[in-house]
Amino acid sequence: MNIATSKELFERAKDYIPGGVNSPVRAFKAVGGDPIFFAKAEGAYMYDEDGNAYIDLINSWGPMILGHANRGIEEAIFKAVIGSPSFGAPSRMEVELAELITEMVPSIEKVRMVNSGTEATMSAIRLARGFTKRDKVLKFEGCYHGHGDSFLIAAGSGAMTMGTPNSPGVTEGTAKDTLLAPFNDLEKVREVVASNKDQVAAIIVEPVAGNMGCVLPEPGFLEGLRSICDGEGILLIFDEVMTGFRLSSGGAQEVFGVRPDLTTLGKIIGAGMPVGAYGGRKDIMDFVSPQGPVYQAGTLSGNPVAMAAGYAQLSYLNDHPEVYEKLEKTTLKIMDGYKKVLKKHKLNYTMNQIGSMISLFFTDQKVIDFETAKTCDTDLFGKYFRYNLDNGVYLPPSQFETWFISTCIGGDEVNKIISTFEDFLNQS
Ligand SMILES: *Cc1c(COP(=O)(O)O)cnc(C)c1O
(Lines give C-alpha, C1' and ligand atoms only; values in the text may rest on other atoms or scores of the structure.)
Protein backbone atom coordinates (compact mmCIF):
# COMPACT_ATOMS: atom_id res chain seq x y z
CA MET A 1 0.00 0.00 0.00
CA ASN A 2 1.43 3.37 -1.03
CA ILE A 3 1.29 5.89 1.81
CA ALA A 4 3.99 8.25 0.51
CA THR A 5 1.88 11.40 0.87
CA SER A 6 0.97 10.59 4.48
CA LYS A 7 4.65 10.06 5.23
CA GLU A 8 5.59 13.34 3.62
CA LEU A 9 2.85 15.25 5.48
CA PHE A 10 3.90 13.68 8.76
CA GLU A 11 7.52 14.76 8.18
CA ARG A 12 6.35 18.33 7.57
CA ALA A 13 3.93 18.22 10.52
CA LYS A 14 6.67 17.18 12.93
CA ASP A 15 8.53 20.44 12.25
CA TYR A 16 5.60 22.63 13.25
CA ILE A 17 3.21 20.61 15.46
CA PRO A 18 4.39 18.83 18.64
CA GLY A 19 4.78 15.19 17.65
CA GLY A 20 3.20 16.02 14.31
CA VAL A 21 -0.36 15.64 15.63
CA ASN A 22 -2.98 17.63 17.50
CA SER A 23 -3.98 14.79 19.82
CA PRO A 24 -1.43 12.22 21.04
CA VAL A 25 -3.13 8.91 20.24
CA ARG A 26 -3.15 9.83 16.54
CA ALA A 27 0.64 9.53 16.42
CA PHE A 28 0.44 5.68 16.61
CA LYS A 29 3.04 5.61 19.41
CA ALA A 30 1.35 2.61 21.06
CA VAL A 31 1.32 0.53 17.87
CA GLY A 32 4.36 1.71 15.90
CA GLY A 33 4.45 3.10 12.38
CA ASP A 34 3.47 6.54 11.13
CA PRO A 35 0.01 8.07 11.17
CA ILE A 36 -2.13 8.15 8.05
CA PHE A 37 -3.38 11.52 6.82
CA PHE A 38 -6.95 11.52 5.60
CA ALA A 39 -8.46 13.55 2.80
CA LYS A 40 -12.14 12.55 2.86
CA ALA A 41 -14.58 10.01 4.18
CA GLU A 42 -17.96 8.68 3.21
CA GLY A 43 -20.22 6.13 4.84
CA ALA A 44 -18.15 3.29 6.32
CA TYR A 45 -14.91 4.35 4.59
CA MET A 46 -12.12 6.86 5.06
CA TYR A 47 -9.77 7.75 2.18
CA ASP A 48 -6.20 8.81 2.80
CA GLU A 49 -4.08 11.36 0.94
CA ASP A 50 -2.80 8.64 -1.39
CA GLY A 51 -6.29 7.43 -2.24
CA ASN A 52 -6.30 4.24 -0.13
CA ALA A 53 -9.65 3.26 1.38
CA TYR A 54 -10.11 2.00 4.94
CA ILE A 55 -13.13 0.59 6.75
CA ASP A 56 -13.39 2.98 9.67
CA LEU A 57 -13.76 1.45 13.14
CA ILE A 58 -12.93 4.70 14.95
CA ASN A 59 -15.54 6.99 13.43
CA SER A 60 -13.84 10.06 14.86
CA TRP A 61 -13.87 8.28 18.27
CA GLY A 62 -17.61 7.98 18.19
CA PRO A 63 -19.25 11.09 16.73
CA MET A 64 -19.79 9.59 13.28
CA ILE A 65 -22.22 6.98 14.60
CA LEU A 66 -24.31 7.41 11.42
CA GLY A 67 -21.21 7.03 9.25
CA HIS A 68 -19.25 9.72 7.43
CA ALA A 69 -20.71 12.50 5.30
CA ASN A 70 -24.29 11.86 6.38
CA ARG A 71 -26.45 13.99 4.06
CA GLY A 72 -28.97 15.13 6.69
CA ILE A 73 -26.28 16.34 9.04
CA GLU A 74 -24.29 18.00 6.29
CA GLU A 75 -27.35 19.92 5.11
CA ALA A 76 -28.06 21.14 8.65
CA ILE A 77 -24.46 22.32 8.89
CA PHE A 78 -24.52 24.09 5.48
CA LYS A 79 -27.72 25.90 6.44
CA ALA A 80 -26.27 27.08 9.74
CA VAL A 81 -23.01 28.24 8.13
CA ILE A 82 -24.92 30.39 5.68
CA GLY A 83 -26.78 31.99 8.62
CA SER A 84 -23.33 32.88 10.12
CA PRO A 85 -20.80 30.55 11.72
CA SER A 86 -21.07 32.36 15.05
CA PHE A 87 -23.18 34.92 16.88
CA GLY A 88 -21.63 34.95 20.36
CA ALA A 89 -25.20 35.51 21.50
CA PRO A 90 -28.19 33.24 22.17
CA SER A 91 -29.87 31.47 19.25
CA ARG A 92 -32.88 29.20 18.75
CA MET A 93 -30.99 25.97 18.16
CA GLU A 94 -29.43 26.10 21.67
CA VAL A 95 -32.91 25.98 23.18
CA GLU A 96 -34.08 23.20 20.90
CA LEU A 97 -30.99 21.08 21.53
CA ALA A 98 -31.24 21.61 25.31
CA GLU A 99 -34.90 20.53 25.22
CA LEU A 100 -34.02 17.49 23.16
CA ILE A 101 -31.16 16.42 25.45
CA THR A 102 -33.34 16.71 28.58
CA GLU A 103 -35.98 14.64 26.82
CA MET A 104 -33.48 11.95 25.80
CA VAL A 105 -31.20 11.59 28.84
CA PRO A 106 -33.20 10.44 31.91
CA SER A 107 -31.33 12.33 34.65
CA ILE A 108 -30.76 15.63 32.84
CA GLU A 109 -33.15 18.43 33.79
CA LYS A 110 -30.92 21.33 32.76
CA VAL A 111 -27.87 21.35 30.53
CA ARG A 112 -24.97 23.70 29.69
CA MET A 113 -23.22 23.43 26.33
CA VAL A 114 -19.42 23.55 26.10
CA ASN A 115 -16.90 22.77 23.35
CA SER A 116 -15.36 19.41 24.28
CA GLY A 117 -15.66 16.44 26.60
CA THR A 118 -12.71 17.75 28.61
CA GLU A 119 -14.48 21.03 29.24
CA ALA A 120 -17.62 19.16 30.28
CA THR A 121 -15.85 17.03 32.92
CA MET A 122 -13.75 19.93 34.24
CA SER A 123 -16.87 22.06 34.61
CA ALA A 124 -18.88 19.24 36.18
CA ILE A 125 -16.38 18.68 38.98
CA ARG A 126 -16.05 22.40 39.62
CA LEU A 127 -19.82 22.49 39.94
CA ALA A 128 -19.84 19.44 42.22
CA ARG A 129 -17.23 21.08 44.44
CA GLY A 130 -19.09 24.38 44.53
CA PHE A 131 -22.40 22.68 45.29
CA THR A 132 -21.15 20.33 48.03
CA LYS A 133 -18.51 22.72 49.40
CA ARG A 134 -16.06 19.80 49.37
CA ASP A 135 -12.74 19.50 47.53
CA LYS A 136 -12.03 15.88 46.71
CA VAL A 137 -13.07 13.82 43.71
CA LEU A 138 -12.90 10.06 43.37
CA LYS A 139 -12.12 8.56 39.96
CA PHE A 140 -11.37 5.05 38.76
CA GLU A 141 -8.07 3.73 37.47
CA GLY A 142 -8.14 3.37 33.71
CA CYS A 143 -11.10 5.71 33.28
CA TYR A 144 -10.36 8.72 31.09
CA HIS A 145 -12.18 11.98 31.65
CA GLY A 146 -10.30 14.27 29.29
CA HIS A 147 -7.08 16.12 30.03
CA GLY A 148 -8.15 18.32 32.95
CA ASP A 149 -5.49 18.46 35.68
CA SER A 150 -7.65 16.68 38.25
CA PHE A 151 -8.07 13.66 35.98
CA LEU A 152 -4.44 13.12 34.92
CA ILE A 153 -3.74 11.08 38.00
CA ALA A 154 -2.67 7.44 38.16
CA ALA A 155 -2.15 5.19 41.14
CA GLY A 156 1.44 5.14 42.34
CA SER A 157 2.41 1.71 43.65
CA GLY A 158 1.22 1.40 47.23
CA ALA A 159 -0.50 4.76 46.96
CA MET A 160 -3.78 3.53 45.64
CA THR A 161 -5.89 6.12 47.42
CA MET A 162 -3.60 9.13 47.12
CA GLY A 163 -3.17 10.41 43.60
CA THR A 164 0.17 11.27 42.11
CA PRO A 165 0.29 13.29 38.91
CA ASN A 166 1.14 11.30 35.79
CA SER A 167 1.88 14.35 33.71
CA PRO A 168 4.40 17.06 34.49
CA GLY A 169 2.55 20.30 35.02
CA VAL A 170 -0.12 18.82 37.25
CA THR A 171 0.62 20.17 40.71
CA GLU A 172 0.83 18.07 43.86
CA GLY A 173 -1.93 20.28 45.24
CA THR A 174 -4.31 19.25 42.48
CA ALA A 175 -3.24 15.60 42.70
CA LYS A 176 -3.97 15.33 46.41
CA ASP A 177 -7.62 16.15 45.77
CA THR A 178 -8.04 13.24 43.36
CA LEU A 179 -8.74 9.87 44.97
CA LEU A 180 -8.50 6.58 43.11
CA ALA A 181 -10.16 3.18 43.23
CA PRO A 182 -10.14 0.23 40.85
CA PHE A 183 -13.14 -0.02 38.50
CA ASN A 184 -15.75 -2.51 39.73
CA ASP A 185 -14.36 -2.46 43.30
CA LEU A 186 -17.10 -1.13 45.59
CA GLU A 187 -15.26 -2.28 48.71
CA LYS A 188 -12.32 -0.04 47.86
CA VAL A 189 -14.66 2.86 47.11
CA ARG A 190 -16.27 2.49 50.54
CA GLU A 191 -12.84 2.40 52.15
CA VAL A 192 -11.58 5.53 50.35
CA VAL A 193 -14.78 7.42 51.06
CA ALA A 194 -14.66 6.45 54.74
CA SER A 195 -11.10 7.64 55.14
CA ASN A 196 -12.04 10.96 53.50
CA LYS A 197 -15.27 11.45 55.41
CA ASP A 198 -17.23 14.60 54.42
CA GLN A 199 -14.48 15.63 51.99
CA VAL A 200 -15.57 13.92 48.77
CA ALA A 201 -17.56 16.16 46.43
CA ALA A 202 -18.08 13.67 43.64
CA ILE A 203 -17.49 10.20 42.32
CA ILE A 204 -16.94 10.37 38.57
CA VAL A 205 -17.13 7.20 36.48
CA GLU A 206 -17.51 6.03 32.90
CA PRO A 207 -20.60 3.84 33.45
CA VAL A 208 -19.18 1.53 30.81
CA ALA A 209 -15.45 2.15 30.63
CA GLY A 210 -14.26 2.73 27.09
CA ASN A 211 -10.79 4.11 27.64
CA MET A 212 -9.08 0.94 28.88
CA GLY A 213 -10.79 -1.01 26.13
CA CYS A 214 -14.45 -1.77 26.67
CA VAL A 215 -14.96 -2.80 30.31
CA LEU A 216 -18.47 -3.40 31.60
CA PRO A 217 -19.68 -2.60 35.10
CA GLU A 218 -20.29 -5.77 37.10
CA PRO A 219 -23.89 -6.25 38.22
CA GLY A 220 -24.52 -3.97 41.19
CA PHE A 221 -21.46 -1.75 40.67
CA LEU A 222 -23.29 1.36 39.42
CA GLU A 223 -26.16 0.79 41.87
CA GLY A 224 -23.58 0.48 44.65
CA LEU A 225 -21.97 3.78 43.68
CA ARG A 226 -25.40 5.39 43.72
CA SER A 227 -26.10 4.20 47.24
CA ILE A 228 -22.65 5.16 48.56
CA CYS A 229 -23.16 8.66 47.14
CA ASP A 230 -26.65 8.90 48.63
CA GLY A 231 -25.38 7.82 52.05
CA GLU A 232 -22.47 10.26 52.10
CA GLY A 233 -23.83 13.39 50.42
CA ILE A 234 -21.55 12.80 47.41
CA LEU A 235 -22.61 13.67 43.86
CA LEU A 236 -22.48 10.85 41.32
CA ILE A 237 -21.21 11.96 37.92
CA PHE A 238 -21.57 9.67 34.93
CA ASP A 239 -19.04 10.59 32.29
CA GLU A 240 -21.09 9.61 29.26
CA VAL A 241 -18.89 11.42 26.73
CA MET A 242 -18.45 8.05 25.00
CA THR A 243 -21.55 6.08 26.06
CA GLY A 244 -24.04 8.94 25.69
CA PHE A 245 -26.31 8.44 22.65
CA ARG A 246 -24.24 5.34 21.81
CA LEU A 247 -25.53 2.63 24.13
CA SER A 248 -29.07 3.96 23.74
CA SER A 249 -30.71 7.31 23.03
CA GLY A 250 -30.54 7.91 26.80
CA GLY A 251 -27.02 6.56 27.22
CA ALA A 252 -25.72 4.05 29.75
CA GLN A 253 -27.91 5.48 32.52
CA GLU A 254 -30.96 4.41 30.56
CA VAL A 255 -29.53 0.94 29.88
CA PHE A 256 -28.58 0.30 33.53
CA GLY A 257 -31.41 2.24 35.14
CA VAL A 258 -29.12 4.21 37.45
CA ARG A 259 -29.59 7.97 37.76
CA PRO A 260 -26.48 10.07 38.25
CA ASP A 261 -26.71 13.59 39.69
CA LEU A 262 -24.65 15.03 36.84
CA THR A 263 -23.82 13.70 33.37
CA THR A 264 -21.09 14.78 30.99
CA LEU A 265 -21.56 14.45 27.24
CA GLY A 266 -19.40 14.89 24.15
CA LYS A 267 -18.48 13.03 20.97
CA ILE A 268 -21.84 11.97 19.41
CA ILE A 269 -23.54 15.11 20.71
CA GLY A 270 -21.74 17.24 18.11
CA ALA A 271 -21.93 14.90 15.10
CA GLY A 272 -18.29 15.71 14.39
CA MET A 273 -18.34 19.36 15.42
CA PRO A 274 -16.52 20.27 18.67
CA VAL A 275 -19.28 20.00 21.28
CA GLY A 276 -19.56 18.88 24.88
CA ALA A 277 -22.21 19.38 27.54
CA TYR A 278 -22.87 18.80 31.21
CA GLY A 279 -26.23 18.55 32.83
CA GLY A 280 -28.26 17.01 35.58
CA ARG A 281 -30.45 17.85 38.54
CA LYS A 282 -32.01 21.30 38.29
CA ASP A 283 -31.02 22.31 41.85
CA ILE A 284 -27.38 21.52 41.07
CA MET A 285 -27.33 23.06 37.57
CA ASP A 286 -28.83 26.26 38.99
CA PHE A 287 -25.52 26.69 40.80
CA VAL A 288 -23.90 27.49 37.44
CA SER A 289 -23.36 31.15 36.50
CA PRO A 290 -25.17 33.41 35.77
CA GLN A 291 -27.93 31.70 37.81
CA GLY A 292 -25.56 30.60 40.56
CA PRO A 293 -22.07 31.27 41.91
CA VAL A 294 -20.02 28.60 40.05
CA TYR A 295 -18.37 30.35 37.11
CA GLN A 296 -18.18 28.70 33.70
CA ALA A 297 -18.25 30.37 30.30
CA GLY A 298 -17.31 29.91 26.63
CA THR A 299 -16.89 32.34 23.72
CA LEU A 300 -18.03 29.73 21.20
CA SER A 301 -20.26 27.64 23.47
CA GLY A 302 -23.60 26.88 21.84
CA ASN A 303 -22.12 27.74 18.46
CA PRO A 304 -24.90 27.69 15.85
CA VAL A 305 -23.11 25.37 13.40
CA ALA A 306 -22.26 22.90 16.16
CA MET A 307 -25.79 23.07 17.59
CA ALA A 308 -27.32 22.44 14.15
CA ALA A 309 -25.09 19.41 13.59
CA GLY A 310 -25.82 18.03 17.05
CA TYR A 311 -29.54 18.61 16.75
CA ALA A 312 -29.68 16.86 13.38
CA GLN A 313 -27.86 13.81 14.72
CA LEU A 314 -29.61 13.54 18.11
CA SER A 315 -33.09 14.06 16.69
CA TYR A 316 -32.40 11.34 14.14
CA LEU A 317 -31.27 8.96 16.88
CA ASN A 318 -34.26 9.89 19.03
CA ASP A 319 -36.69 9.25 16.17
CA HIS A 320 -35.04 6.00 15.04
CA PRO A 321 -34.61 3.66 18.00
CA GLU A 322 -34.04 0.82 15.52
CA VAL A 323 -30.58 2.32 14.93
CA TYR A 324 -29.42 0.83 18.22
CA GLU A 325 -30.66 -2.65 17.31
CA LYS A 326 -28.88 -2.41 13.99
CA LEU A 327 -25.63 -1.24 15.60
CA GLU A 328 -25.71 -4.04 18.13
CA LYS A 329 -26.47 -6.63 15.43
CA THR A 330 -23.47 -5.50 13.41
CA THR A 331 -21.28 -5.57 16.51
CA LEU A 332 -22.43 -9.06 17.48
CA LYS A 333 -21.72 -10.29 13.95
CA ILE A 334 -18.16 -9.05 14.24
CA MET A 335 -17.80 -10.62 17.68
CA ASP A 336 -19.27 -13.96 16.62
CA GLY A 337 -16.98 -14.04 13.59
CA TYR A 338 -13.95 -13.24 15.71
CA LYS A 339 -14.89 -15.88 18.27
CA LYS A 340 -15.17 -18.53 15.55
CA VAL A 341 -11.75 -17.58 14.25
CA LEU A 342 -10.27 -17.66 17.77
CA LYS A 343 -11.78 -21.08 18.41
CA LYS A 344 -10.35 -22.43 15.17
CA HIS A 345 -6.92 -21.22 16.26
CA LYS A 346 -7.43 -22.56 19.81
CA LEU A 347 -6.96 -19.06 21.22
CA ASN A 348 -8.69 -17.77 24.30
CA TYR A 349 -8.49 -14.00 23.93
CA THR A 350 -11.11 -12.00 25.78
CA MET A 351 -13.80 -10.01 24.03
CA ASN A 352 -15.96 -7.49 25.85
CA GLN A 353 -19.04 -6.02 24.21
CA ILE A 354 -22.12 -4.01 24.96
CA GLY A 355 -24.29 -2.41 22.28
CA SER A 356 -21.92 -1.00 19.66
CA MET A 357 -18.91 -0.87 21.99
CA ILE A 358 -16.51 -3.79 21.56
CA SER A 359 -12.89 -4.71 22.36
CA LEU A 360 -10.64 -7.65 21.63
CA PHE A 361 -8.11 -8.03 24.46
CA PHE A 362 -4.98 -10.04 23.72
CA THR A 363 -5.17 -11.81 27.07
CA ASP A 364 -6.80 -14.98 28.40
CA GLN A 365 -7.89 -13.17 31.57
CA LYS A 366 -11.35 -11.78 32.11
CA VAL A 367 -11.01 -7.99 31.82
CA ILE A 368 -12.90 -6.18 34.58
CA ASP A 369 -10.58 -3.30 35.49
CA PHE A 370 -7.30 -1.61 34.58
CA GLU A 371 -5.13 -4.27 36.26
CA THR A 372 -6.64 -7.05 34.18
CA ALA A 373 -6.65 -4.89 31.03
CA LYS A 374 -2.90 -4.42 31.49
CA THR A 375 -2.31 -8.19 31.17
CA CYS A 376 -2.75 -7.79 27.38
CA ASP A 377 0.04 -8.47 24.91
CA THR A 378 0.29 -4.93 23.55
CA ASP A 379 3.09 -5.84 21.10
CA LEU A 380 0.77 -8.37 19.52
CA PHE A 381 -1.93 -5.72 19.40
CA GLY A 382 0.50 -3.44 17.55
CA LYS A 383 1.16 -6.11 14.93
CA TYR A 384 -2.53 -6.80 14.59
CA PHE A 385 -3.27 -3.07 14.23
CA ARG A 386 -0.66 -2.61 11.50
CA TYR A 387 -1.80 -5.71 9.64
CA ASN A 388 -5.32 -4.31 9.57
CA LEU A 389 -4.07 -0.92 8.43
CA ASP A 390 -2.10 -2.52 5.58
CA ASN A 391 -5.25 -4.34 4.56
CA GLY A 392 -7.64 -1.41 4.66
CA VAL A 393 -9.17 -1.72 8.15
CA TYR A 394 -8.65 1.29 10.42
CA LEU A 395 -8.78 0.23 14.08
CA PRO A 396 -8.19 2.46 17.09
CA PRO A 397 -4.38 2.61 17.45
CA SER A 398 -4.27 1.25 21.01
CA GLN A 399 -5.18 -1.93 22.84
CA PHE A 400 -6.93 0.29 25.37
CA GLU A 401 -9.51 1.84 23.10
CA THR A 402 -12.98 0.64 22.25
CA TRP A 403 -13.92 0.24 18.59
CA PHE A 404 -16.70 2.48 17.42
CA ILE A 405 -19.19 0.92 15.04
CA SER A 406 -21.29 3.09 12.71
CA THR A 407 -24.60 2.32 11.03
CA CYS A 408 -22.82 2.33 7.64
CA ILE A 409 -20.85 -0.82 8.42
CA GLY A 410 -22.72 -3.53 6.51
CA GLY A 411 -22.29 -7.20 5.66
CA ASP A 412 -19.38 -6.70 3.23
CA GLU A 413 -17.44 -4.67 5.76
CA VAL A 414 -18.15 -7.16 8.56
CA ASN A 415 -16.88 -10.02 6.37
CA LYS A 416 -13.75 -8.09 5.49
CA ILE A 417 -13.09 -7.23 9.16
CA ILE A 418 -13.40 -10.90 10.14
CA SER A 419 -11.38 -12.29 7.22
CA THR A 420 -8.60 -9.79 7.90
CA PHE A 421 -8.43 -11.09 11.47
CA GLU A 422 -8.29 -14.67 10.24
CA ASP A 423 -5.56 -13.81 7.70
CA PHE A 424 -3.62 -12.08 10.47
CA LEU A 425 -3.68 -15.16 12.70
CA ASN A 426 -2.79 -17.42 9.74
CA GLN A 427 0.31 -15.42 8.85
CA SER A 428 1.54 -14.79 12.40
C1 LIG B 1 -13.26 11.32 24.83
C2 LIG B 1 -13.60 11.36 26.26
C3 LIG B 1 -13.42 12.51 27.04
C4 LIG B 1 -12.73 13.74 26.51
O5 LIG B 1 -13.43 14.37 25.50
P6 LIG B 1 -12.64 15.40 24.54
O7 LIG B 1 -13.71 15.92 23.64
O8 LIG B 1 -11.59 14.59 23.85
O9 LIG B 1 -12.07 16.46 25.39
C10 LIG B 1 -13.86 12.51 28.34
N11 LIG B 1 -14.45 11.43 28.86
C12 LIG B 1 -14.63 10.30 28.16
C13 LIG B 1 -15.31 9.14 28.79
C14 LIG B 1 -14.20 10.22 26.84
O15 LIG B 1 -14.35 9.08 26.16
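Here, the structure is the one placed above.
Only a predicted model underlies this, so the values are computations on that prediction, with no experimental measurement involved. (Residues numbered from 1 in each chain as written. Predicted model: local features only at pLDDT ≥ 70, side-chain atom pairs only at ≥ 80, totals over all residues. Heavy atoms only, no water.)

**Some remarks on the packing of helix H6 (residues 186-194) against helix H7 (residues 221-232)**
Inclusion rule: Only the stretch in contact is used when fitting a helix axis, every axis being a line fitted to C-alpha atoms; angles between N-to-C directions are given from 0 to 180 degrees. Working definition: helices are DSSP H or I runs of at least four residues, strands are E runs of at least two. Numbering for both runs from the N terminus. The labels follow the angle: roughly parallel below 35 degrees, roughly antiparallel above 145, roughly perpendicular from 65 to 115, and oblique for the rest. Throughout, a crossing is termed right-handed when the near helix is turned clockwise from the far one, and left-handed when it is turned anticlockwise from it by less than a right angle. The contact rule is simple, with two residues in contact once any of their heavy atoms fall within 4.5 Å. Classification used: nonpolar for Ala, Val, Leu, Ile, Met, Phe, Trp, Tyr, Cys and Pro, charged for Asp, Glu, Lys and Arg, polar for all others including Gly.
It is at 10 Å that the axes of H6 and H7 come closest, and there the two elements cross at 15 degrees. Between H6 and H7, the crossing angle belongs to the class labelled roughly parallel. Handedness of the crossing formed by H6 with H7: right-handed. Residues Leu186, Val189, Arg190 and Val193 of H6 touch H7, and the partners they reach there are Phe221, Gly224, Leu225, Ile228 and Glu232. Of the residues that constitute the contact of H6 with H7, the class distribution is six nonpolar, one polar and two charged.

**Describing the sheet that holds strand S16 (residues 403-404)**
What counts is decided by this rule: Strand pairing is assigned whenever DSSP detects at least two bridges linking the two strands.
Spatially, S13-S14-S16 is the arrangement adopted by the three strands of the open sheet, whose pairing is antiparallel. Edge positions in the open sheet fall to strand S13 (350-354) and S16, since each of these has one partner strand only. Across five bridges, the pairing between S13 and strand S14 (residues 357-361) is antiparallel. Its bridge partner being in S14, Asn352 is matched across the sheet by Ser359.

**Section: the sheet that holds strand S15 (residues 393-394)**
Taken in spatial order, the four strands of this open sheet run S1-S2-S3-S15, and their pairing is mixed. With one partner strand each, in any of the chains shown, strand S1 (38-42) and S15 form the two edges of the open sheet. Of the pairings in the sheet, the one linking strand S3 (residues 53-56) to S15 comprises two bridges and is parallel in character. In the strand pairing of S15, Ile55 is matched with Val393.

**Digging into helix H4 (residues 117-132)**
Heads up, the rule is: By this rule the span expected of a helix is its residue count minus one, scaled by 1.5 Å. Remark: exposure states derive from per-residue accessible area (1.4 Å probe, protein chains only) relative to the maximum for the residue type, with buried under 20%, exposed over 50%, and partly exposed in between.
Taking 1.5 Å per residue as the helical rise, H4 with its 16 residues ought to reach 22 Å, and the 22 Å between its terminal C-alpha atoms agrees with that figure. The set of residues buried in H4 consists of Gly117, Thr118, Ala120, Thr121, Ser123, Ala124, Ile125, Leu127, Ala128 and Thr132. A positive phi of about 55 degrees marks Lys133, the residue just after H4.

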